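# Summary of structural features
Single-letter residue listing:
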Amino acid sequence: MTPAAQARTASTTPAPGRPAATGPRPVGAGDARRHELAAFLRSRRERIAPEQVGLPLTGRRRTPGLRREEVAQLAAVGVTWYTWLEQGRDIQVSAQVLDAVSRALLLDPSERAHLFTLAGADDPAPVRECPSVTPSVRQVLEQMAPYPALVVNSRYDVLAYNAQYTGIVGDLAAMPPEDRNLMWMAFTPSRFREVLVDYRTERLGMVARFRSAMADHSSEPAWKALLARVLKASPDFAELWQRHDVMRPGNGIKRFQVPGVGLLSCEYTNFWLSPGLGTRMITYTPLDDGTRALMDRLPTAA
């Protein structure tokens, strides 16, 4: 056998951690799901800085985020195999490998579920809805009308809300899951920041409460990923984070200037739905008769 033939034979032999010897097939033009999977993996990889996952900074990077070989290293899979996956090749993917890739990319529950759906695989450990948001809690949210109300966790993720709350902050269902976070919305351009009258002072308390809550979650990927994301997006947040202020959650007053409605002066109250200072329902009740009348005018259409 000639050296060239030997080289061709060797190139078809799979290395440990690579797919089966049958090899990948090019992406079919009609397979939109594989294209979406490839784009999703690239977007998640590019948002993660090496230091977030304990990797040293080595040399100049032409693109943001992790390199493909770094994701493969973190997930303990072959580099060629992961490259094929991110290129949208037609390869078989096991649930165990998807789980490893999910952890390597610091995916949150919604993103993990999306990954398994795009890959056409069953998640061996599906993330179910937060038990704090039970049907009875959702019923209470609806019964709060015409007063706005929502459910958030200690990371400020919005877990549930009623139509009146969307009348203030806009259509949350139309936002990507990772953006449905009050702290993210407070420090980046959003309807929430536009209508929150005292958003500059409100953000001081949000950062202090987030730092206090993170003390119990500092090693969790979702918390680290959110922190890194907001630090990168907002110099204002980075400045406040360096102050190391801490604060326990409490009740207070918020003002919203809602277009087409007017100025709402509200008293917000926390109702805890889980042990400790975790998931809570926040209700907004009118502070004066003017606000009480205006709340009936909040748009509630989906």
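This structure is a prediction, so every number in the text was calculated from the model and none was measured.

Let us now look at the pairing of strand β4 (residues 262-272). Sheet analysis places strand β3 (residues 252-258) next to β4, joined by seven bridges and oriented antiparallel. Paired with Phe256 across the strands is Leu264, a residue of β4. Linking β3 back to β4 in an antiparallel pair, the connection comprises three residues, with Gly260 at a positive phi of about 80°. Of the strand pairs in this sheet, β4 and strand β5 (residues 280-286) are connected by seven bridges, and their pairing is antiparallel. Across the sheet, residue Trp272 finds its bridge partner in β5, namely Arg280.

By the secondary structure assignment, Arg34 is in helix α2 (residues 32-46). Polar contacts involving the side chain of Arg34 include one to the main-chain carbonyl oxygen of Gly88, which spans 3.1 Å.

As a further point, take the packing of aromatic side chains. One pass over the full model with this rule turns up seven aromatic pairs. On the numbers, 5.3 Å between centres and 80° between planes, the contact of Phe187 with Phe237 is edge-to-face. Note that Phe187 is positioned in helix α9 (residues 182-187) and Phe237 in helix α13 (residues 235-241), a separation of 50 residues in sequence. Classification of Phe187 as buried rests on a relative accessible area of 3%. What links up through ring pairs into an aromatic cluster is the set Phe187, Phe210, Trp223, Phe237 and Trp241. The ring of Trp184 carries Arg229 above its face, with NZ or CZ at 3.7 Å from the centroid. Positioned over the ring face of Tyr268 is Lys254, at 3.9 Å from the centre of the ring.

What follows covers the pairing of strand β1 (residues 149-152). Burial along β1 is two-sided: Ala149 and Val151 facing one way and Leu150 and Val152 facing the other are all buried. Bridging between β1 and β5 involves four bridges; their strand directions are antiparallel. Of the residues in β5, the one forming a bridge with Leu150 is Ile282. Bridge count between β1 and strand β2 (residues 158-161): three bridges; the pairing is antiparallel. Bridge pairing links Val151 to Ala160 in β2. If you look at the hairpin formed by β1 and β2, you'll find five residues sitting between the two strands, and Tyr156 has a positive phi there, around 75°.

With that out of the way, let us pick up helix α11 (residues 199-214). Counted at 1.5 Å a residue, the expected span for α11 with its 16 residues is 22 Å, and the 22 Å between its end C-alpha atoms agrees. Counting buried positions over the 16 residues of α11 gives 12, a clear majority of the element. Contacts made by the buried residues of α11 are with α9, α10 (191-195), α12 (221-233), α13 and β3.

All right, on to empty space enclosed by the protein then. Summed over all chains, the structure comprises two cavities of 30 Å³ or more. A volume near 160 Å³ is recorded for the largest cavity. What lines the largest cavity is a set of 13 residues, among which Tyr156, Arg209, Lys254, Arg280 and Ile282 lie closest to the centre. Counting only elements with at least two residues in the lining of the largest cavity, the list comes to α11, β4 and β5.

It is worth spelling out the sheet that holds β4 at this point. Strand order in this open sheet of five strands is β2-β1-β5-β4-β3, and the pairing throughout is antiparallel. Edge positions in the open sheet fall to β2 and β3, since each of these has one partner strand only. Across the sheet, the axes of successive neighbouring strands diverge by a mean angle of 30°, strand direction being ignored. Contacting β1, β2 and β5, helix α7 (residues 135-143) crosses the sheet at an angle of about 55° to β2.

On to the packing of helix α5 (residues 95-104) against helix α6 (residues 109-119). Taken N-terminus to C-terminus, the directions of α5 and α6 make an angle of 145°; their axes are 10 Å apart at the nearest point. Every pair of crossing elements has a handedness; the one defined by α5 and α6 is right-handed. Facing α5, whose interface residues are Ala95, Leu98, Asp99 and Ser102, α6 presents Arg112, Leu115, Phe116 and Ala119. Each residue belonging to the contact of α5 with α6 can be placed in one class, and the counts come to five nonpolar, one polar and two charged.

Two elements in contact, α2 and α6, have axes separated by 9 Å at closest approach and are oriented at 150°. Crossing hand, α2 versus α6: left-handed. Of the residues in α6, those in contact with Arg33, Glu36, Leu37, Phe40, Leu41 and Arg44 of α2 are Glu111, His114, Leu115, Thr117, Leu118 and Ala119. Broken down by class, the residue content of the contact of α2 with α6 amounts to six nonpolar, two polar and four charged.

A cis amide bond, omega 15°, links Ala145 with the succeeding residue Pro146. Looking at the secondary structure, you find Pro146 in the loop between α7 and β1. Unlike most non-glycine residues, Ala76 shows phi in positive territory, near 60°. If you trace the backbone, Ala76 turns up in the loop between α3 (68-75) and α4 (79-86). Its relative accessible area of 69% is what places Ala76 among the exposed residues. Positive phi, close to 60°, is recorded for His244, a residue that is not glycine. Within the fold, His244 resides in the loop between α13 and β3.

Thresholds, definitions, all that
Residues numbered from 1 in each chain as written. Predicted model: local features only at pLDDT ≥ 70, side-chain atom pairs only at ≥ 80, totals over all residues. Heavy atoms only, no water. Pairing = 2+ DSSP bridges. Helix = DSSP H or I, 4+ residues; strand = E, 2+ residues; numbered from the N terminus. Polar contact = N/O pair within 3.5 Å; in protein donor to acceptor, adjacent residues only side chain to side chain. Phe/Tyr/Trp six-rings, centres within 6.5 Å; stacked < 30°, edge-to-face > 60°. Buried < 20%, exposed > 50% of the residue type's maximum accessible area, 1.4 Å probe, protein only. Lys NZ or Arg CZ within 6 Å of the ring centre and 35° of its normal. Expected span 1.5 Å × (residues − 1). Contact = heavy atoms within 4.5 Å. 1 Å grid on protein atoms, 1.4 Å probe; cavity = no way out; pocket = protein on both sides within 12 Å on 5 of 7 lines; lining within 4 Å. Points joined across faces, edges and corners; volume = space filled by probe spheres on them. Axes fitted to C-alpha atoms, helices over the stretch in contact; angles between N-to-C directions. Left-handed = near helix turned anticlockwise from the far one by under 90°. Nonpolar A, V, L, I, M, F, W, Y, C, P; charged D, E, K, R; others polar.

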